[in-house]
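Okay, here's what each chain looks like letter by letter:
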Amino acid sequence: MNTHILDAPGELFLGSDVATALAQGPRRFRTAAKAVRFAMEHAAPVSLRGAMLKIEGQTLGPSQIRCLHKSLARG
């Protein structure tokens, strides 16, 4: 996965399912990297079930968010 998108602004949706995540609306982050870290390090695990991260017209799901977090951890 291209990690260059991590520098772009991101909108993070969290919820126990997609409908709940959309209903609660996004949290906006200056960078997608900050959104990924927040999702994986601070959000309740149940909130990741319906998680979506919107970056530059792309929508990433929970497994892709986890993959990006692993990329961040590797440096």
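Residues numbered from 1 in each chain as written. Predicted model: local features only at pLDDT ≥ 70, side-chain atom pairs only at ≥ 80, totals over all residues. Heavy atoms only, no water.

1. Things to note about the sheet that holds strand β1 (residues 10-13)
At step 1: Across the sheet, which stays open at both edges, the four strands sit in the order β2-β1-β3-β4 with antiparallel pairing between neighbours. Unpaired on one side and paired on the other, β2 (27-29) and β4 (58-60) mark the two borders of the sheet. Averaged over neighbouring strand pairs, the angle between their axes works out to 20° when direction is ignored.
At step 2: As paired strands, β1 and strand β3 (residues 52-55) are joined by four bridges and run antiparallel to one another. What sits directly across from G10, in β3, is I55.
At step 3: Sitting on the sheet, helix α3 (residues 62-74) is in contact with β1, β3 and β4, with an inclination near 90° to β4. (Pairing = 2+ DSSP bridges. Helix = DSSP H or I, 4+ residues; strand = E, 2+ residues; numbered from the N terminus. Axes fitted to C-alpha atoms, helices over the stretch in contact; angles between N-to-C directions. Contact = heavy atoms within 4.5 Å.)

2. Side note on the packing of aromatic side chains
Two aromatic rings, taken as a pair, are described by how far apart their centres are and by the angle between their planes.
At step 1: Inspection of every chain in the model, using the stated rule, returns one aromatic pair.
At step 2: Judged by centre distance (5.6 Å) and plane angle (40°), the rings of F29 and F38 are tilted.
At step 3: Residue F29 is classed as buried on the basis of its relative accessible area of 18%. (Phe/Tyr/Trp six-rings, centres within 6.5 Å; stacked < 30°, edge-to-face > 60°. Buried < 20%, exposed > 50% of the residue type's maximum accessible area, 1.4 Å probe, protein only.)

3. Section: the nonpolar core
Nonpolar side chains tend to gather and get buried jointly when the protein is soluble and globular.
At step 1: If you look at the biggest cluster of nonpolar residues, it comprises 20 residues, and the most contacted ones within it are L6, L12, L14, V36, L53, I55 and I65.
At step 2: Elements with a minimum of two residues in this core: α2 (32-41), β3 and α3.
At step 3: Looking at this core, the element that brings in the most residues is α2, giving five residues.
At step 4: In this structure, I55 is in contact with I5, A8, P9, A32 and L60, ignoring residues within four places of it in sequence. (Core = buried A, V, L, I, M, F, W, Y, C linked by side-chain atoms within 4.5 Å.)

4. Let's talk about unusual backbone geometry
At step 1: Positive phi, normally seen in glycine, also occurs at E56, with a value near 45°.
At step 2: Along the chain, E56 turns up in the loop between β3 and β4.

5. Brief notes about the environment of K70
At step 1: By the secondary structure assignment, K70 is in helix α3.
At step 2: In this structure the C-alpha to C-alpha distance between K70 and R27, which are 43 residues apart in sequence, comes to 21 Å.

6. Regarding the pairing of β3
At step 1: Sheet topology places β3 next to β4; three bridges connect them, and they run antiparallel. Across the sheet, the residue bridging to I55 is Q58, located in β4.
At step 2: Between β3 and the antiparallel strand that follows it, β4, lie two residues; E56 among them carries a positive phi value of about 45°.

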